[in-house]
Every structure is written in structure tokens, then in C-alpha cells.
Amino acid sequence: MKLSLNKKLAGLAFLLSLLAMLISLIFPSSASQKRASIKIEYLSVLDLATEIRNRKPVRLIDLRDDSSFAAFHIPTAEPYSLNNLQNLEINSSIKTTLYSDEVDISEQAFYLLADRGMENLFVLNGGIQDWYDRILYPKMPKTIPDNYEDIATQIKSLSAYFGGHSIYVDEGNPLNYYKGIAESSPSTKTKRLIRMGC
């Protein structure tokens with residue numbers, strides 16, 4: 001059986017691709033080794049809100065689509081997609097925090113920028129959904145326990161500063177989250193966010 005030139009070339013291309021995969025498994029690239037050594041640092045929404053209110057230098061990068069950014073974003077945020085992130089000026093002297101409505105996108109952006117040498121880089125823990133649920137419209141127990149008065153006052157103050165308000169609930173103690181005892185972890189996919197009130 002005689003093989004045509006196209007079949008010979010296709011077979012050769014297949015063998016070369018198998019060889020390339022085998023080599024990449026045996027000798028991983030320096031980029032993948034570097035990525036394995038990079039640990040993502042997360043910033044809580046409480047810490048971010050406090051830094052913004054205290055006018056500390058922080059750069060926020062919103063990785064959502066343009067319509068989501070236009071509808072709602074964290075104050076001072078700049079819109080960037082993963083595709084145009086290579087145009088972001090690298091400045092490691094200012095804390096840069098990335099957020100999205102999906103944690104995978106924020107983490108991917110973190111690695112892209114870290115691979116370019118950016119330092120002082122963070123991912124917003126819980127993303128835009130945590131900002132919405134925990135800063136703008138935080139849940140508060142109708143009766144605040146004595147040992148939670150300070151944190152409740154801080155959260156209400158931050159919420160009012162950013163134009164939100166507390167939502168009072170009967171069940172549980174939502175303030176446990178802020179003391180590091182999260183009752184449940186927030187979703188990594190955001191529902192449609194719409195500002196309430198004025």
C-alpha cells in the first residue's frame with residue numbers, strides 16, 4: 001500500500017506532536033515551574049473597603065465585561081479584560097487588586113501579571129459578589145450581640161460610606177463572617193448586581 005504525500009505529512013505531524021507532548025512532560029517549561037512557585041495572595045473586602053475609605057493607594061482592576069462594569073463596579077476600579085491585560089502598566093509600588101465575578105478569571109489574571117514580573121498583587125477574596133453582599137448590603141442580626149458591636153459599627157459605617165445600607169435578618173449571626181467564622185462561602189459566580197436605593 002502506497003501512502004500519498006498528504007498522508008505521510010499528516011502522520012509526521014502527528015508523531016511530532018506526540019514527541020512535543022512527551023518532551024513537555026519530561027522537561028517542564030520555566031514558566032510552568034515559576035507558576036507553581038507563585039502563591040496567590042487574597043485581600044478581603046473588609047480590608048479593601050477600609051483601605052479605600054482611608055485613601056490608601058490601591059489600584060483596582062475589574063475583569064468583567066464592559067456592560068457589567070458600567071452597571072456596577074467598586075469605586076476607583078479600572079476595567080480590563082483578560083485579552084487587554086497585557087496593556088496594563090506594571091507598577092509594583094502600588095497595591096493592585098484584581099476582581100471579577102468568577103474566581104478563575106481573577107486567578108488567571110493574577111498569574112498573567114505575576115509572570116510579567118508584577119509584585120504587590122492581590123485577588124479580591126469573594127470577588128464582586130462579596131463586595132456587594134458584605135460591604136454594600138451587609139446582613140446584620142436584628143439584635144447585635146455585645147461582643148460584635150465594634151465590628152457591626154465598622155461594617156455599617158463602611159456600607160454607608162460606599163452608598164449601601166445594612167439588611168437586618170432574624171436568623172443566625174451574619175457578623176461571624178467578619179470575625180473569621182464564615183457561615184458559608186460565597187458563590188464564585190455572581191448573580192446580576194443592581195444597586196439598591198438612591
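See above for the structure.
Residues numbered from 1 in each chain as written. Predicted model: local features only at pLDDT ≥ 70, side-chain atom pairs only at ≥ 80, totals over all residues. Heavy atoms only, no water.

Asks: Help me out: how do you make sense of the environment of E149 in this one?
Replies: Among the secondary structure elements, E149 is positioned in helix α7 (residues 149-161). As for E149 and L175, which are separated by 26 residues in sequence, their C-alpha atoms are 9.6 Å apart. (Helix = DSSP H or I, 4+ residues; strand = E, 2+ residues; numbered from the N terminus.)

Asks: Just to check I follow, could you spell out the sheet that holds strand β5 (residues 121-124) for this structure?
Replies: Paired through their backbone hydrogen bonds, the strands of a sheet run either parallel or antiparallel. Sheet architecture is open: five strands sit in the order β1-β5-β4-β2-β3, paired in parallel fashion. Where the open sheet ends on each side, the last strands, each with one partner, are β1 (42-43) and β3 (77-79). As paired strands, strand β4 (residues 95-99) and β5 are joined by three bridges and run parallel to one another. Bridge pairing in β5 links T97 to F122. Against the sheet, helix α3 (residues 45-53) makes contact with β1, β2 (58-62), β4 and β5, and its axis sits at roughly 125° relative to β2, the strand it touches most. (Pairing = 2+ DSSP bridges. Contact = heavy atoms within 4.5 Å. Axes fitted to C-alpha atoms, helices over the stretch in contact; angles between N-to-C directions.)

Asks: I tried to follow helix α5 (residues 103-115) on my own but got confused; where do I start?
Replies: Given 3.6 residues per helical turn, the α-helix brings residues three or four places apart onto the same face. In this model α5 runs 18 Å from its N-terminal to its C-terminal C-alpha over 13 residues, within 8% of the 18 Å that 1.5 Å per residue would give. Those residues of α5 that sit buried are S106, A109, F110, Y111, L113 and A114. (Expected span 1.5 Å × (residues − 1). Buried < 20%, exposed > 50% of the residue type's maximum accessible area, 1.4 Å probe, protein only.)

Asks: Just to check I follow, could you spell out the nonpolar core for this structure?
Replies: Across soluble globular proteins, nonpolar side chains have a tendency to be buried as a group. Among the nonpolar cores identified, the biggest contains 31 residues, and L48, I52, I74, W131 and F162 are the most heavily contacted of them. Residues F110, L113, M118 and V123 belong to the second largest nonpolar core, which totals 16 residues. (Core = buried A, V, L, I, M, F, W, Y, C linked by side-chain atoms within 4.5 Å.)

Asks: Can you walk me through the pairing of β2 in this structure?
Replies: The side chains of a regular strand alternate between the sheet's two faces. Of all five residues that make up β2, five are buried, and the element is covered over most of its length. The alternating pattern of β2 places V58, L60 and D62 and R59 and I61 on opposite faces, both of which are buried. Note that β2 and β4 share five bridges and pair parallel. Following the sheet pairing, R59 is matched in β4 by T96.

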